[in-house]
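Topology and contacts: notes
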Amino acid sequence: MAELLKGKPVADHITVEITERAAKLRASGVVPTLAIVRLGEDPGDLSYEKGAMKRAAEVGVEVRNVVLPRDAAQDELVAEIKKLNADDSIHGVLMFRPLPKHMDEKAVCEVLDPAKDIDGITSGSLAGIFMDSDVGFPPCTAAACIELLDHYGYDLKGKKVTVMGRSLVIGKPVAMMAMRRNATVTICHSRTKSEDFAAAGKNADIVIAAVGKARMITEDMLGDDQVIIDVGINMDENGKLCGDVDFDREAPDSGLGAKAAAVTPVPAGVGSVTTAVLMKHVIEAAEACK
Ligand code: NAP
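All residue numbers here refer to positions counted from 1 along the written sequence of the relevant chain. Owing to the predicted nature of the model, reporting of local features is limited to residues with pLDDT of at least 70; listing and counting of side-chain atom pairs is limited to 80 or more, with chain, interface and lining totals taken over all residues. Note: side-chain values were computed over all heavy atoms of the structure, leaving out hydrogens and water.

Let's shift gears to the overall build of the protein chain. Secondary structure elements are defined from DSSP: runs of H or I of at least 4 residues count as helices, runs of E of at least 2 residues count as strands, and each element is numbered from the N terminus. Counting its secondary structure elements, the protein chain contains ten helices and eleven strands. Projected onto its principal axes, the C-alpha coordinates of the protein chain cover approximately 50 × 45 × 40 Å. A burial count over the protein chain gives 50% of its 290 residues as buried. Residue contacts are defined here by distance: any two heavy atoms, one from each residue, within 4.5 Å place the two residues in contact. Considering only contacts in the protein chain between residues 6 or more positions apart, those separated by 24 or more positions represent 70%. About 13,500 Å² of surface is accessible on the protein chain, with carbon and sulfur atoms providing 52% of the total. Positive and negative side-chain charges of the protein chain, numbering 34 and 44 respectively, have mean locations separated by a distance of 1 Å. For the exposure calls, accessible area comes from a 1.4 Å probe over protein chains only, and a residue counts as buried if that area is under 20% of its type's maximum, exposed if over 50%, partly exposed in between. The Shrake-Rupley method, run with a 1.4 Å probe, gives the accessible areas here. Residue values count only the displayed protein chains as cover. Residues scored as charged are limited to Lys and Arg (positive) and Asp and Glu (negative), so that His and the chain ends carry no count. Here the site of a charge means atom NZ of a Lys, CZ of an Arg, CG of an Asp or CD of a Glu.

Let us look at the packing of helix 6 (residues 140-151) against helix 10 (residues 271-289). Axis separation between helix 6 and helix 10 bottoms out at 9 Å; the angle between their running directions is 105 degrees. Taken together, helix 6 and helix 10 sit at an angle that is classed as roughly perpendicular. Packed against helix 6, whose contacting residues are Cys 140, Thr 141, Ala 143, Ala 144, Glu 147 and Leu 148, the element helix 10 presents Val 273, Thr 274, Val 277, Leu 278, Lys 280 and His 281 at the interface. A class-by-class count of the residues in the contact of helix 6 with helix 10 yields seven nonpolar, three polar and two charged. To get an axis, a line is fitted to the C-alpha atoms, and for a helix only the part in contact is used. The angle between two axes follows their N-to-C directions and goes from 0 to 180 degrees. Oblique is the label for any angle not under 35 degrees, not over 145, and not in the 65 to 115 range, which are roughly parallel, roughly antiparallel and roughly perpendicular in turn. Side-chain classes are defined by residue name, with Ala, Val, Leu, Ile, Met, Phe, Trp, Tyr, Cys and Pro counting as nonpolar, Asp, Glu, Lys and Arg as charged, and the others, Gly among them, as polar.

Time to look at the sheet that holds strand 6 (residues 184-188). Across the sheet, six strands lie side by side as 1-11-8-7-5-6; this open sheet has parallel pairing. The two strands at the open ends of the sheet, each matched to only one other strand, are strand 1 (3-4) and strand 6. The pairing criterion is simple: DSSP has to find at least two bridges between the two strands. One ladder, built from five bridges, connects strand 5 (residues 160-164) with strand 6; its direction is parallel. Residue Thr 162 lies in a different strand from strand 6, and its bridge partner there is Thr 186.

Below, the discussion takes up the layout of surface pockets. There is about 870 Å³ of room inside the largest pocket. Only protein atoms enter the 1 Å grid used here, on which a cavity is any set of points holding a 1.4 Å probe that cannot leave and a pocket is any open set flanked by protein within 12 Å on both sides along at least five of seven lines; residues with an atom within 4 Å of a point are listed as lining. The wall of the largest pocket is formed by 36 residues, among which Arg 97, Asp 119, Thr 141, Val 169 and Ile 170 lie closest to the centre. When residues of the lining of the largest pocket are traced back to their parent elements, those giving at least two are helix 2 (43-59), strand 4 (92-95), helix 4 (105-111), helix 5 (123-130), helix 6 and helix 10. A total of four residues in the lining of the largest pocket trace back to one element, the largest contributor, which is helix 4. In the lining of the largest pocket, the residues fall into 17 nonpolar, eleven polar and eight charged. Grid points are joined across faces, edges and corners, and a volume is the space filled by probe spheres set on the points. If you add up the space inside the second largest pocket, you get close to 520 Å³.

Here's what the structure looks like:
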C-alpha cells in the first residue's frame, strides 16, 4: 500500500523551525512582516488569506492587509506596490491573482521588488530559479513540492522526475528546482502526444502532476513503486475536491494505491504546505534585510 504523504507534518515541521527564526529576528528588533494585496472579495482569495493570517500569527509574522476594489485603476495598484517596495518594515508581498481583466498583470507584477517577491511572480524571481541564483523566491506551491519530498526523505539526485504541466506557477519552476537537485527531468504538457505522456509517466521514479484536470492521470499512465506528488486541486463531477491523479484515499490498497510507493492526498497534501512555505519565505526575506 502506498505511503500517504500528508502535508500537515511537513507544515508543522517548517512552522516550528521558522517560529524560532522569527523570534530571533524580533529579538534583534526586526518584526518580520508580510503585506497581502487583494482586489475585491473573491471567496478563494479570502479563504487563502484567512489561512495565511492564521499561520502568520502562529509563527510570529506580522500581516498588513492592502485591499483595493476590484475595479481599481492599474495606476492605483502600481502606486500601492511601489509604496510597499519603499517601506523597509515590509519584507514580503503576496498579491492575489489573477488580477482583473482591465489590468496588464505582467506589467503590474514587474513593479514588485524581487527581494520582496515571496511567491515568485516577478521575472526576477523566475530568472533566479532558472539561473540557479538566489534572486527572489520560487512560487510557494512549487517549493512546497520539494519540501514534501525532502521531509519524507526522497532524494532527487539521479532520479527520473516527470513533471506533468508547464505553467509558470508550478510546472516550469518545480522542474528547474528538481534539476537543481540533480534529477533528470521530463516535462509534459497539453501538446505532448498521449503515448509519450504515458511513457514519461511510466518511466519516472517521481511524478509531479500539475495539469489541473480532475483525476486525468490514471493508473495506466504510471509505473510501479513511484512517488507521486499531486498538485491538482479540482472539483470532480460530483462537486468533490480531487487531485489530477486518479487515487482514492478511501481505498488506498487498491488501484493506484496498490501500485505506487507513495502519494500525496488531495486535499491535505501539497496545499497544506503552501502557507508554511509562504511564511518561510517572509522570514528569509526579513533575514536578508538584517
Ligand atoms: P495551468 O496554468 O492551467 O497549467 C496546467 C498545465 O497542464 C499546462 O501546462 C497545460 O499544458 C497542462 N495540461 C492541461 N491539460 C492537459 C492535458 N490534457 N494533458 C497534458 N497536459 C495538460 O494550471 P496551474 O496553475 O499550473 O495549476 C495546476 C493545478 O494545480 C490546478 O489543479 C490548480 O488548482 C492546482 N494548484 C494547486 C495549488 C496548491 O497549493 N496545491 C496551488 C496552485 C494551483 P499547456 O501549457 O500546453 O496548456
